[in-house]
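Summary of structural features
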Amino acid sequence: MVKSSSKTPDTTAPSMAVDIGGIRMRNPVMVASGTFGYGPEYADLVDLNALGALVVKGIRIAPWDGNPTPRMVEVPGGLVNAIGLQGPGVDGFIADYLPFLRGYEVPVIVNIWGRSLDEYREVAQRLDGVPGIAGIELNISCPNVKEGGLAFGTQPDMARSVIAAVRRATRLPLIPKLSPNVSDIRVFAAIAEAEGADAISLINSYPAMVIDVRTRRPVLANRVGGLSGPAIHPIAVKLVWEAARAVKIPVVGMGGITGPQEALEFLIAGARAVAVGTANFTDPTTALRVRDGIRDYLAEQGMHDIGELIGSLAT
Amino acid sequence: MKVETCNISRHETFQGPYRRLILDASGIGCAGVPGQFVHLRIPRLDGAVLRRPFSLYRAGKDGIEVLYKPVGRGTDAMLSMVQGDSLSLIGPLGNGFPVCGKKRTPVLVAGGYGVAPLSFLALTSARPGIIFIGGARADDVLCVDDFKSRGWDVRVTTEDGSLGAKGRVTVAIDAWLQSPESRGDREWYACGPDGLLKAVGERAAANGWNAWLSLDKHMGCGVGACLACVQRVRNADGTEGWVRVCRDGPVFEARSIVW
Ligand SMILES: Cc1cc2nc3c(=O)[nH]c(=O)nc-3n(C[C@H](O)[C@H](O)[C@H](O)COP(=O)(O)OP(=O)(O)OC[C@H]3O[C@@H](n4cnc5c(N)ncnc54)[C@H](O)[C@@H]3O)c2cc1C
Ligand SMILES: Cc1cc2nc3c(=O)[nH]c(=O)nc-3n(C[C@H](O)[C@H](O)[C@H](O)COP(=O)(O)O)c2cc1C
Ligand code: FES
């Protein structure tokens, strides 16, 4: 932009940059793990550099097959998935996807999971110091694997030990991803902060089930899965609001964003960034629409920096 | 691959419960080849988060055509779409059918809407071959004239015997395989229900022929990101793994599929 034009505050675009635990993002709109692959899948449709950050599909220490099919079913206002964390493993990710991602400037956040404390630690260690990785999102809230996953995210002691172990294993910004399936989210947010997390993200999908009444069988091969999409949005807003008031570290809000409106709710509730998940399937350009909508809203409200909006809930 | 907003140029009854949808999506139309599909966002489908995949029946500079049959919430809602409606497509997606080898004659097998991509394939085929079209009843046997007008040998079967020979499509295939006319170098292409694809694959493999099967799996993203649409396959090294029907397919060689 030309210097002279930026003198008039009204015509200056509001500043959208945020810092999430040391990860500097051009704008607060990320894409959520598991809904955007590893980057190349959507690269023809979306300018990856226009995203605030890209969170890749969950990976563990070795390749993982995931669940049998069917793995996904649509329900009113969302979908239930039981992919089961299929993935190439950390070495496969580094060899097959990271070189591609290094060609972009977008911060890449790697979502990790494990079946045991050791596995979590090992995958974090393996990623530490690898060029092209901006941070780690620690998935302790996946409803779709039998071992690990959700168990780590719903019991405070286990959450504490896995966050502590991963914290010791990496210098990268660490973002534990919290489960909505707990009675008091503030407990888990506070544990993450106390154990040295740089930020927290929430929510993961909500445990759910769909039955085919003709066959009386569960629709998903895994029987149960995780509900995501607009149906979980108000639940997510409440949890983000509670979590944001319980900790000082930044909060990444997600769950049911389809446009600027839902993202603004998260920011007003106290989230410093947001992530678009299921809506990528409906409209791959959702994150860009959300970004533009937030910018327009800031301008309308006469705000010059996104920081003025974050946590501005009037009560 | 692109996201393209287009208008409905025409939406009409094709045959029985099947509808033809003509869309002015020229970007996708110019790029699309037989076997590829579009991921269509159904207008006014409240509460829907997923698009629905449809094979290209025709694609060209004027746009694309698809044939569909209402089978559930989404395709039922499509019935109310009218000329002039705007809708969003992602496409063209997936890989098309491989080209038939020079010295081989194409053998096509279709069930239900599966005939749509095969009709498009016949349009681009260097030479006519034989097509087996199966359906539950006469209404389900589509596009016969598309093939006949191009000199293809069309063999029809219906389960209720209302058109062509009575029985499943495999009955007609097996009878043909017994006859001397089936001898020669063949390349098979099939699109339809899993049972049909499996049967075609077994018969082609028994004769050492390639069979290119277009799979139908429920999809999420359509672009390879969500891993909803995966199919079990045997890799070249003998190990098993998943492939994504949307991105790695939807067309696969029969011998690689683990049913
Ligand atoms: C590559 C590809 C090309 C296609 N091309 C065409 C085409 O050219 N023409 C055409 O008519 N159709 C085509 N289809 C099929 C079409 O996409 C489906 O009929 C459509 O998505 C159904 O949507 P719906 O909302 O109407 O049905 P839904 O209500 O979603 O379901 C329809 C049926 O599928 C069952 N079902 C629902 N979810 C699952 C699941 N996860 N796994 C297994 N079964 C499930 C339901 O019980 C119901 O019987 C194609 C599919 C693929 C993958
Ligand atoms: C198909 C699918 C796969 C997902 N995979 C992961 C994953 O690997 N790791 C993870 O932490 N969250 C995963 N999630 C959860 C999302 O990242 C997100 O937390 C959740 O879907 C809520 O956001 P949404 O309503 O915008 O989709 C997945 C969600 C979906 C729909
Ligand atoms: S539909 Fe998402 S990977 Fe194929």
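Residues numbered from 1 in each chain as written. Chains lettered and ligands numbered in written order. Predicted model: local features only at pLDDT ≥ 70, side-chain atom pairs only at ≥ 80, totals over all residues. Heavy atoms only, no water.

1. Details of the overall build of chain A
A tally of regular secondary structure across chain A gives 10 helices and 16 strands. Relative to the 2.2 N^0.38 estimate, which gives 20 Å for 315 residues, the radius of gyration of chain A is 19 Å and therefore close to what a compact globule would have. Overall, the C-alpha framework of chain A stretches about 65 × 50 × 40 Å when taken along its three principal axes. A separation threshold of at least 6 residues defines the contact pool for chain A, and within that pool the share at least 24 residues apart is 71%. Per element, the accessible surface of chain A, about 12400 Å² overall, is 51% carbon and sulfur. (Helix = DSSP H or I, 4+ residues; strand = E, 2+ residues; numbered from the N terminus. Rg over C-alpha atoms; globule rule 2.2 N^0.38 Å. Contact = heavy atoms within 4.5 Å. Areas by Shrake-Rupley, 256 points an atom, 1.4 Å probe, with all protein chains shown as cover.)

2. With respect to a nonpolar patch on the surface
Residue and element names in this part refer to chain A. Residues M209, I211, V213 and V224 make up a contiguous nonpolar surface patch of about 390 Å² in total accessible area. With respect to the helices and strands, the residue M209 is situated in strand 11 (residues 206-209). For M209, a relative accessible area of 46% gives the class partly exposed. (Patch = residues over 30% accessible without salt bridge, like charges linked within 9 Å, V, L, I, M, F, W, Y side chains within 5 Å. Salt bridge = Lys/Arg side-chain N within 4 Å of Asp/Glu carboxyl O. Buried < 20%, exposed > 50% of the residue type's maximum accessible area, 1.4 Å probe, protein only.)

3. Overview of the site of ligand 1
Neighbouring residues of ligand 1: 21 residues in total, closest R52(B), P53(B), L67(B), G74(B) and T75(B). At ligand 1, the nearby residues belong to more than one chain, namely chains A and B. Here an oxygen atom of ligand 1 and a backbone polar atom of G72(B) are 3.2 Å apart. Alone, ligand 1 offers 990 Å² of accessible surface; in the complex the protein occludes 78% of this. Those elements that provide at least two residues to the shell around ligand 1 are strand 4 (52-55), strand 6 (63-68) and helix 2 (73-78) of chain B. For the shell around ligand 1, the element with the highest residue contribution is strand 4 of chain B, accounting for four residues. Here the shell around ligand 1 is built from residues that sort into 10 nonpolar, five polar and six charged. Built from parts of two domains, the shell around ligand 1 gets at least three residues from each of domain 1 (2-93) and domain 3 (215-258) of chain B. (Near = heavy atom within 4 Å. Polar contact = N/O pair within 3.5 Å; in protein donor to acceptor, adjacent residues only side chain to side chain. Nonpolar A, V, L, I, M, F, W, Y, C, P; charged D, E, K, R; others polar. Domains from an automatic or database assignment.)

4. Concerning the nonpolar core
L51(A), F93(A), I112(A), I200(A), L202(A), I294(A) and W188(B) are the most contacted members of the largest nonpolar core, which has 149 residues in total. Among residues more than four places away in sequence, those in contact with I112(A) are I59(A), Y120(A), V123(A), A124(A), L127(A), I136(A), E137(A), L138(A), N139(A) and V166(A). In this structure, L108(B), L121(B), C143(B) and V156(B) belong to the second largest nonpolar core, which totals 26 residues. (Core = buried A, V, L, I, M, F, W, Y, C linked by side-chain atoms within 4.5 Å.)

5. Structural notes on the interface of chain A and chain B
Contacts between chain A and chain B engage 30 residues on the former and 25 residues on the latter. Between chain A and chain B lies a buried interface of about 2300 Å² when both sides are counted; carbon and sulfur atoms form 58% of it. In terms of surface lost to chain B, no three residues of chain A exceed E41(A), E74(A) and T282(A), which account for 27% of the buried area on that side. Our count for the contact surface shared by chain A and chain B stands at two salt bridges. The salt bridge involving R232(B) is made with D65(A); its shortest N-O contact spans 2.9 Å. Counting every contact that joins chain A to chain B gives 10 residue pairs in polar contact (both at pLDDT 80 or more). Per-element tally for the side of chain A that touches chain B: the top contributor is strand 5 (residues 72-75) of chain A, with three residues. Looking at the side of chain A that touches chain B, its residues break down into 13 nonpolar, 10 polar and seven charged. (Buried area = accessible area lost by both parts, 1.4 Å probe.)

6. A look at the environment of A254(B)
Residues and elements named next belong to chain B. Tracing the sequence through the fold places A254 in the segment after strand 16 (251-253). With a relative accessible area of 9%, A254 lands in the buried category. Along the chain, A254 and R10 lie 244 residues apart, while their C-alpha atoms are 36 Å from each other. Setting aside its immediate chain neighbours within four residues, A254 contacts G201, A211 and L213.

7. Remarks on the packing of helix 6 (residues 185-194) of chain A against helix 7 (residues 233-246) of chain A
Each packed pair of helices is defined by two parameters, the angle between the axes and the distance between the axes. All names here are of chain A. Contact geometry of helix 6 with helix 7 gives a least axis separation of 9 Å together with a crossing angle of 45°. Considering their axes alone, helix 6 and helix 7 lie oblique with respect to each other. In the crossing of helix 6 with helix 7, the sense of the turn from one axis to the other is right-handed. Note on element contacts: helix 7 touches helix 6 through L239, E242, A243 and A246, opposite I185, R186, A189 and E193. Of the residues that constitute the contact of helix 6 with helix 7, the class distribution is five nonpolar, no polar and three charged. (Axes fitted to C-alpha atoms, helices over the stretch in contact; angles between N-to-C directions. Parallel < 35°, antiparallel > 145°, perpendicular 65-115°, else oblique. Left-handed = near helix turned anticlockwise from the far one by under 90°.)

8. Observations concerning the site of ligand 2
Residues and elements named next belong to chain A. Taken together, 24 residues surround ligand 2, and among them S33, K177, G229, G256 and T278 come closest. One of the backbone nitrogen or oxygen atoms of S33 is found 2.7 Å away from an oxygen atom of ligand 2. Listing elements by their share of the shell around ligand 2, those giving two or more residues are strand 4 (53-59) and strand 6 (78-81). Broken down by class, the residue content of the shell around ligand 2 amounts to eight nonpolar, 14 polar and two charged.

9. Focus: the sheet that holds strand 7 (residues 86-93) of chain B
Residues and elements named next belong to chain B. With antiparallel pairing, the seven strands of this open sheet are ordered in space as 4-3-7-1-2-6-5. A strand with exactly one partner marks an edge of an open sheet, and here the two such strands are strand 4 and strand 5 (58-60). Going from strand to strand, the sheet's axes swing by 35° on average, the running direction of each strand aside. Here strand 5 runs beside strand 6; their pairing, made up of three bridges, is antiparallel. Note that in strand 6 the partner of A59 across the bridge is I64. (Pairing = 2+ DSSP bridges.)

10. Observations regarding helix 7 of chain A
For helix 7 of chain A, which comprises 14 residues, the first-to-last C-alpha distance of 20 Å matches the rise-based estimate of 20 Å (1.5 Å per residue) to within 8%. Where helix 7 of chain A is concerned, the buried positions are H233(A), A236(A), V237(A), L239(A), V240(A), E242(A), A243(A) and A244(A). (Expected span 1.5 Å × (residues − 1).)

11. Considering the domain arrangement of chain B
The accessible area lost on association of the parts is a frequent measure of interface size. Residues and elements named next belong to chain B. Segmenting chain B into domains produces domain 1 (2-93), domain 2 (97-212) and domain 3 (215-258). The gap between the C-alpha centroids of domain 2 and domain 3 is 23 Å. Each partner contributes residues to the interface: domain 2 has 11 residues there, and domain 3 has seven residues. Interface of domain 2 and domain 3: buried area, both sides summed, is about 750 Å²; carbon and sulfur atoms make up 56% of it. When the area that domain 2 buries against domain 3 is broken down by residue, the three leading residues are Y113, A211 and W212, summing to 38%. Between the two partners, domain 2 and domain 3, sit zero salt bridges. Across the contact surface, domain 2 and domain 3 share five residue pairs in polar contact (both at pLDDT 80 or more). When contributions to the side of domain 2 that touches domain 3 are tallied by element, the ones reaching two or more residues are helix 6 (194-206) and strand 13 (210-214). Looking at the side of domain 2 that touches domain 3 residue by residue, the class counts come to eight nonpolar, three polar and no charged.

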